Every structure is written in C-alpha cells, then in structure tokens.
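# Observations on the model geometry
Read off the chains here:
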Amino acid sequence: MSTWLITGCSTGLGRALAEAVIGAGHNAVVTARDVTKVADLADAAPERVLAAALDVTRPEQIRDAVQQAEDRFGGGPDVLVNNAGYGYRAAVEEGDDDDVRTLFETHFFGTVAMIKAVLPGMRARRSGAIVNISSIGVQLTPVGSGYYSAAKAAIEGISGALRGELAPLGISVTVVEPGAFRTDFAGRSLAQSSSVIDDYAATAGQRRKENDTMHGNQPGDPAKAGAAIIAAVESTEPPAFLLLGPDALAAYRYVADARAKEIANWEQLSASTNFDT
C-alpha cells in the first residue's frame, strides 16, 4: 500500500485516477479547490482517503495538504500526481495577458510548487514517484491552444531535467500525454479569451467553445486512463514518457515522421554552421 496525492480530483481524469487508486487499496489524498466536490471519495473509504482543499496557486494550501498527508498516513506522499489544470483557447494575439499568467501559475508554477513540497520527504525515504499530466497538444500545437500547449511544454521540459536529478535518489518522474478523453476538459473546464479577432475565424476561431463539437464525443475512457497510470507507476521501471490513447499514439507518430522529414530536408543547412577547419 502506498500513499498517493492527486491534484484536481473534482472531475475528469483526476477523479477517475483517484477512484482507481482507492479501488486498488492505496491511501489517497484527494484534492480540489472546493473540497466538498471530493468529500464523497473520502466518505466511501474514510480509513484510507483524505479529502483536502487545494488550490495549487496558494502556497499555504500546498503546505497544508502535504502536512495533512504526513499526519494522517504516517509519512508524506509516495506518489504525487500533478493533474490540476484547465484548458484555455485563444489565438496567440487574442490571449489576455492576465489569463495567460494565471494559466501558467496553475499548470507550471503550481506543478513546481507541489514537487518542491513533496521532495524533501521522498529524498529522505529514497523512494517515490512524480507523475506530471501533460497533453498530446505539446506535440500537435493545435491552433487556438498555443498558450495551453506552451504551459504543458514547460512542464515537460522541467520533468526531463528532474528525472535525471532524482533517478539516483530512487525517485521516478513520468510525463503523461493523454489524447482526447471523455471529461469536462472541452466543456465546463475550458476557458477562452474574451477578445475575438475575425481574421482568425477560420483557424483558432473554429476551436472556440461555441464551435467545438468534441465535448462529449472523445474516444478515451478516463477509468482506463487511471488504471494505466497506476500500472506505469507500479512497474519496475516507470516510463519517462507515457502516451495515453490510440489517438495520442497516432498523433505522436505523425508529428515525429513529419519532423524527421523536415530535418532531412534541411540537414545540409543545419550542419553548415561550425567554424571552417
């Protein structure tokens, strides 16, 4: 039995993962900005589940959540899953500066703050796992999702360095890139710019909430995603990078093939920049 701390458990992938972790017999700290939205998870298994209020942009709540985990389960989290977040759509020019800063505060700086809060305990135990939920959008960089893709790319960049730093200490780091799963991500949880520029109607404008038909039709099953994340964490060698969903696999391969072709097309110019010898 291990102790999991999962951010953003009120709905979607976070809730599905929490349910899977609880179902597997583990201890769980399930969190949400509004703790009443995860109270039912704790009520169903009060001896193993702690519901905690957590807004990852508030340092005092991060400290409290980790301390509650230590007090309740006799040690800090063995597994941290950074899942809290939301979608944001806007053409780059349309993006509101304050909205974008809030997006990064939640996705990137909130993730970093959570990691820093659990690492002292994991280092002391010489064990642990950190799972950072990203998105296939990092690879696809779809129009209208530039800021969201950038926030997730920042998480992936820091995760790679973190993995190298923590591997000698017995702590794994896994980035998860889900495809489209049937959650509220493209519905209630999706924010967008208030500014609309007509010149982007045929590109980013097609992906605004009022024009998007994906919500409710995504192929991915969140329950299966939760089970897959547990399987990855509990494997003898947790992956550095995990795609979830056939659509994510296909998209990644498409982008990789296209990138390889472009590298080959420009290989001579790329290789021409050393000093002459």
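Rules behind the numbers
- Residues numbered from 1 in each chain as written.
- Predicted model: local features only at pLDDT ≥ 70, side-chain atom pairs only at ≥ 80, totals over all residues.
- Heavy atoms only, no water.
- UniProt positions renumbered as here; feature names shortened; annotations may be inferred.
- Helix = DSSP H or I, 4+ residues; strand = E, 2+ residues; numbered from the N terminus.
- Expected span 1.5 Å × (residues − 1).
- Buried < 20%, exposed > 50% of the residue type's maximum accessible area, 1.4 Å probe, protein only.
- Arc of directions from axis to C-beta.
- Contact = heavy atoms within 4.5 Å.
- Salt bridge = Lys/Arg side-chain N within 4 Å of Asp/Glu carboxyl O.
- Lys, Arg positive; Asp, Glu negative; His and termini not counted.
- Core = buried A, V, L, I, M, F, W, Y, C linked by side-chain atoms within 4.5 Å.

The name given to the protein in an unreviewed UniProt entry is Short-chain dehydrogenase, and the organism recorded there is Mycobacterium fragae. The protein has a UniProt comment under Sequence similarities (unreviewed entry) that states "Belongs to the short-chain dehydrogenases/reductases (SDR) family."

## Digging into helix α8 (residues 246-265)
In this model, α8 (20 residues) spans 29 Å end to end at C-alpha, consistent with the 28 Å of a helix rising 1.5 Å per residue. When α8 is considered as a whole, its buried residues turn out to be Ala248, Ala251 and Val255. Mapping the buried residues of α8 onto a view down its axis gives an arc of 70°, with all of them on the same face. Set apart from the buried face of α8 by more than 90 degrees, the exposed residues are Pro246, Arg253, Tyr254 and Lys261. Check the buried side of α8 and you find it contacts α5 (137-140), β7 (171-178) and β9 (241-244).

## Re the pattern of salt bridges
Considering all chains together, one arrives at 7 salt bridges under this definition. Between Arg15 and Glu19 there is a salt bridge, with its nearest N and O atoms 3.5 Å apart. Here Arg15 and its partner Glu19 are both found in helix α1 (residues 12-23), 4 residues apart, which amounts to about one turn of the helix. With a closest N to O distance of 2.8 Å, Arg58 and Glu60 form a salt bridge. By relative accessible area, Arg58 is classed as partly exposed at 38%. Put simply, Arg15, Glu19 and Asp40 are held in one network by salt bridges that share partners.

## As for the UniProt feature "domain: Ketoreductase" (unreviewed entry) in the protein
The UniProt record marks residues 2-184 with the feature "domain: Ketoreductase" (unreviewed entry), using the residue numbering of this structure. For the annotated span residues 2-184, helix accounts for 48% and strand for 20% of the residues, and the straight-line distance between the end C-alpha atoms is 28 Å.

## Things to note about the side chain of Asp55
Secondary-structure assignment places Asp55 in the loop between β3 (49-53) and α3 (59-73). Among buried charged residues, Asp55 stands out as having no salt bridge; its nearest opposite-charge side chain is Arg33, 5.2 Å away. Apart from the residues within four sequence positions on either side, Asp55 is in contact with Arg33, Gln61 and Ile62.

## With respect to the side chain of Thr7
As for its placement among the helices and strands, Thr7 is situated in the loop between β1 (3-6) and α1. Leave out the neighbours within four places in its chain, and Thr7 touches Thr31, Leu54, Val56, Val81, Asn82, Asn83, Ala84 and Met114.

## Considerations on the nonpolar core
By size, the foremost hydrophobic cluster in this structure holds 30 residues, and its most contacted members are Trp4, Ile6, Leu17, Val30, Val81 and Ile229. Elements that contribute at least two residues to this core include exactly β1, α1, β2 (27-32), α2 (39-44), β4 (79-82), β6 (128-133), α7 (222-233) and β9. Other than its neighbours up to four places away in sequence, Val81 contacts Trp4, Leu5, Ile6, Thr7, Leu17, Val131 and Ile133. Grouped together as the second largest cluster of nonpolar side chains are 23 residues, Leu5, Leu80, Ile130 and Val173 included.

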